[in-house]
Amino acid sequence: KQIYKIRTSWDYGQHIEKESKEEYELADKEIIDALDQNNMLIEYQPKIVAKTGELAGAEALVRWEHPTLGIIPPNEFIPVAEESGVIFKLEEWVIENICVQMNKWTKSGYDPMPVSINISPQHLCKDNFSNKVEEILKKFQVSPSLIELEISEDALIKDADTVNANIQHLKKQGITVTLDDFGQGVSSLTHLKSLELDHLKIDKSLIDNITTDKENGVIITSLIQMAHGLGVKVIAEGVENEEQLHALVEKNCDQVQGFLFSKPVKTNDFEKILMSKVLQLSSIVKKKREYN
Ligand code: C2E
Ligand code: MG
Ligand code: MG
Ligand code: MG
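This one's a predicted model, so the numbers in the text were calculated from it and none came from an experiment. Residue positions are counted from 1 within each chain, in the order its sequence is given. Key to labels: chains lettered from A, ligands numbered from 1, both in the order written. Given that this is a predicted model, residues contribute local features only at a pLDDT of at least 70 and side-chain atom pairs are listed and counted only at 80 or more, while totals for whole chains, interfaces and linings are drawn from all residues. As a convention, hydrogens and water are excluded, and side-chain values are obtained from all of the structure's heavy atoms.

Peer 1: Pulling in residues and values, what's your account of the coordination of the magnesium ion (ligand 2)?
Peer 2: Here the coordinating atoms are restricted to nitrogen, oxygen and sulfur within 2.8 Å of the metal centre, or 3.2 Å for Na, K and Ca, and because water is not among them the sites may look incomplete. Distances from the magnesium ion (ligand 2) to its protein donors, namely Glu59 (OE), Asn118 (OD1), Glu150 (OE) and Asp180 (OD), fall within the range 2.0 to 2.3 Å. Spacing between the donor residues of the magnesium ion (ligand 2) along the chain follows E-x58-N-x31-E-x29-D. Its relative accessible area of 25% is what places asparagine 118 among the partly exposed residues. Only protein chains enter the accessibility calculation, which uses a 1.4 Å probe; a residue is then buried when its area is under 20% of its type maximum, exposed when over 50%, and partly exposed in between. Given the relative accessible area of 1%, glutamate 150 is considered buried.

Here it is as structure tokens:
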């Protein structure tokens, strides 16, 4: 109800006015309640090794199962959580929940699999963020080598010193750091080099017309070459059809992710993917490999 008001103002792109401070406080409370009442859930979307079709890992994506409004997607409530400050609590919950799930999968005998977690710029600007992550991983005994944090470019221009220190400490722990949504915003390759980021994720908007826009295809080709030159792995998000996949395999993209393989799914459905390891759709990639 309360969040609905905020959703509406976001929907219409309106500026939140004075009175909304109270609205935010209410939204804040609603999000905390949702965490306490298990109304937040995490879905997992497979990431695939482009050349072989093998499972490379998963991206964790949070959803709010609102008792009356139904599923609220992250793009609607994360901005509210960021504005109100409840994002810190929410993301700690997300990281802990993922650690618990990873331990469950290990206990069930599945091979260890890297999981990517999206981190808000706000959180990355917080002094003790990297320590907090270290603490949580220690508490749940999850190997940092299995954790990949996806950060967006806006984080890198916000509070350079703190963000830089956090990133370096995360990397020191053995955590993989990925630049998410590349091609959506400022998109400068200098961050990759100066911060020694590990992975680069090309935004869906660039992948959408990879086969239809020749110049776009050329940009992606050189982007991948440049990233590889810097020792950075490249992931493509939002891969929806075989033509896009083939173009990406041809351009030596390392990993692919998108509806072509699977939508983000709940944990029990993800276990089916873990069991098969090589997705059925990987036959598409195999076919391609045989031709070459
Ligand atoms: P993102 O990190 O860029 O995640 C990719 C989004 O694209 C996801 O949307 C995913 O469901 C969607 N997607 C994946 N493959 C395809 C495809 O082939 N076609 C199309 N049309 N969409 C695809 P989702 O789950 O709604 O998440 C939206 C954004 O919310 C994420 O974008 C991420 O920035 C943010 N987000 C999600 N979970 C968290 C979280 O725990 N913390 C923070 N700070 N942000 C989160
Ligand atoms: Mg992401
Ligand atoms: Mg992304
Ligand atoms: Mg994106």
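Peer 1: Pulling in residues and values, what's your account of the site of ligand 1?
Peer 2: Put simply, a residue is near a molecule or strand once any heavy atom of it comes within 4 Å of that molecule or strand. Around ligand 1 sit 24 residues in total, of which Arg63, Glu91, Asn118, Glu240 and Phe259 are the nearest. Pairs of N or O atoms within 3.5 Å make up the polar contacts considered here, provided that, within protein, one atom can donate a hydrogen while the other can accept it, and that residues adjacent in sequence are counted only when both atoms are side-chain atoms. Between glutamine 45 and ligand 1, the recorded distance is 3.1 Å, taken from a side-chain N or O atom to a nitrogen atom. Summarising the interface, the protein chains cover 82% of the accessible area of ligand 1, which totals 800 Å² for the free molecule. Of the pockets mapped on this structure, ligand 1 occupies the largest pocket. At the level of secondary structure, the elements contributing two or more residues to the shell around ligand 1 comprise β2 (55-66), α3 (74-84), α4 (87-107) and β6 (176-182). Computed with a 1.4 Å probe, the accessible areas rest on the Shrake-Rupley method; for each residue, only the protein chains presented here act as cover. A 1.4 Å probe that fits but cannot get out identifies a cavity on a 1 Å grid over protein atoms alone, an open set with protein on both sides within 12 Å along at least five of seven lines counts as a pocket, and a residue lines either if it has an atom within 4 Å of a point. Pocket occupancy is defined atom-wise: a molecule lies in a cavity or pocket when more than half of its atoms are within 2 Å of its grid points. Strands are runs of DSSP state E lasting at least 2 residues, helices are runs of H or I lasting at least 4, and numbering of each runs from the N terminus.

Peer 1: Can you tell me about the coordination of the magnesium ion (ligand 3), naming the residues and giving the values?
Peer 2: Each protein donor to the magnesium ion (ligand 3) is listed here as Asp180 (OD), Asp181 (OD) and Glu237 (OE); together their distances run 2.1 to 2.6 Å. Site description for the magnesium ion (ligand 3): donor spacing in sequence, D-D-x55-E. The distance between the magnesium ion (ligand 3) and the magnesium ion (ligand 2) comes to 3.4 Å, and aspartate 180 binds to both of them. Residue aspartate 181 is found in strand β6, and its partner glutamate 237 is found in the loop between β8 (233-236) and α12 (242-250); the two are separated by 56 residues along the sequence.

Peer 1: Before we move on, could you go through empty space enclosed by the protein and cite the residues and values that matter?
Peer 2: Grid points are joined across faces, edges and corners, and a volume is the space filled by probe spheres set on the points. Going through the model one piece at a time under the given rule, you end up with one cavity of 30 Å³ or more. If you add up the space inside the largest cavity, you get close to 80 Å³. Forming the walls of the largest cavity are Met102, Trp105, Thr106, Tyr110, Asp111, Pro112, Met113, Leu146 and Leu274. For the lining of the largest cavity, the element with the highest residue contribution is α4, accounting for three residues.

Peer 1: Can you break down the layout of surface pockets residue by residue, with the values?
Peer 2: By volume, the largest pocket is sized at about 1,300 Å³. In terms of lining residues, the largest pocket is bounded by 41 residues, among which Leu61, Asn75, Asn118, Asp180 and Asp181 are the most central. For the lining of the largest pocket, the secondary-structure elements that each account for two or more residues are β2, α3, α4, β4 (115-118), α5 (121-124), β5 (147-151), α7 (153-158) and β6. In the scheme used here, Gly and all other residues not listed as nonpolar or charged are polar, with Ala, Val, Leu, Ile, Met, Phe, Trp, Tyr, Cys and Pro taken as nonpolar and Asp, Glu, Lys and Arg as charged. Looking at the lining of the largest pocket residue by residue, the class counts come to 16 nonpolar, 11 polar and 14 charged.

Peer 1: Give a detailed account of the pattern of salt bridges, specifying residues and quantitative values.
Peer 2: Criterion for a salt bridge: a side-chain nitrogen of Lys or Arg within 4 Å of a carboxyl oxygen of Asp or Glu. For the coordinates displayed, the defined rule picks out 14 salt bridges. Of the charged contacts, one joins lysine 266 and glutamate 65 as a salt bridge, the two residues approaching to 3.4 Å between their closest N and O atoms. One end of the pair, lysine 266, is in the loop between β9 (255-256) and α13 (267-276); the other, glutamate 65, is in strand β2, with 201 residues separating them in the sequence. Residue lysine 266 is classed as partly exposed on the basis of its relative accessible area of 37%. For glutamate 65, a relative accessible area of 32% puts it in the partly exposed group. The residue lysine 139 makes a salt bridge to glutamate 96 at a minimum N-O spacing of 3.9 Å. Highlighted residues: lysine 139 in helix α6 (residues 129-140) and glutamate 96 in helix α4, separated in sequence by 43 residues.

Peer 1: So what's going on with the side chain of aspartate 180? Residues and values would help.
Peer 2: Residue position: aspartate 180 is located in strand β6. Nearest to the buried, unbridged aspartate 180 among oppositely charged side chains is lysine 201, at 4.5 Å. Only heavy atoms matter for contacts: two residues are in contact if any of them lie within 4.5 Å across the pair. Among residues more than four places away in sequence, those in contact with aspartate 180 are Glu59, Asn118, Glu150, Ile151, Ser152, Lys201 and Glu237. Positive charges come from Lys and Arg alone, negative charges from Asp and Glu alone, with His and the N- and C-terminal ends not counted.

Peer 1: So what about the confidence of the model for the protein chain? Which residues, and what values?
Peer 2: The predicted model of the protein chain averages 87 in pLDDT, with 85% of residues at 70 or higher. Scored from 0 to 100, pLDDT reflects the predictor's confidence in each residue. In this model, residues 4-18 is a region of pLDDT below 50 whose contacts with residues beyond four sequence positions or in other chains number 16 contacts. Scoring of the predicted complex yields 0.90 for pTM and 0.98 for ipTM.

Peer 1: Quick one: what's the story with the environment of glycine 185, residue by residue and with numbers?
Peer 2: Positionally, glycine 185 belongs in the loop between β6 and α9 (190-194). In this structure the C-alpha to C-alpha distance between glycine 185 and tryptophan 105, which are 80 residues apart in sequence, comes to 36 Å.

Peer 1: How would you sum up the side chain of threonine 162? Please name residues and give values.
Peer 2: Mapping threonine 162 onto the fold places it in helix α8 (residues 160-173). For threonine 162, a relative accessible area of 15% translates into the label buried. Excluding its chain neighbours within four sequence positions, the residues that come into contact with threonine 162 are Leu124, Cys125, Lys126 and Asp127.

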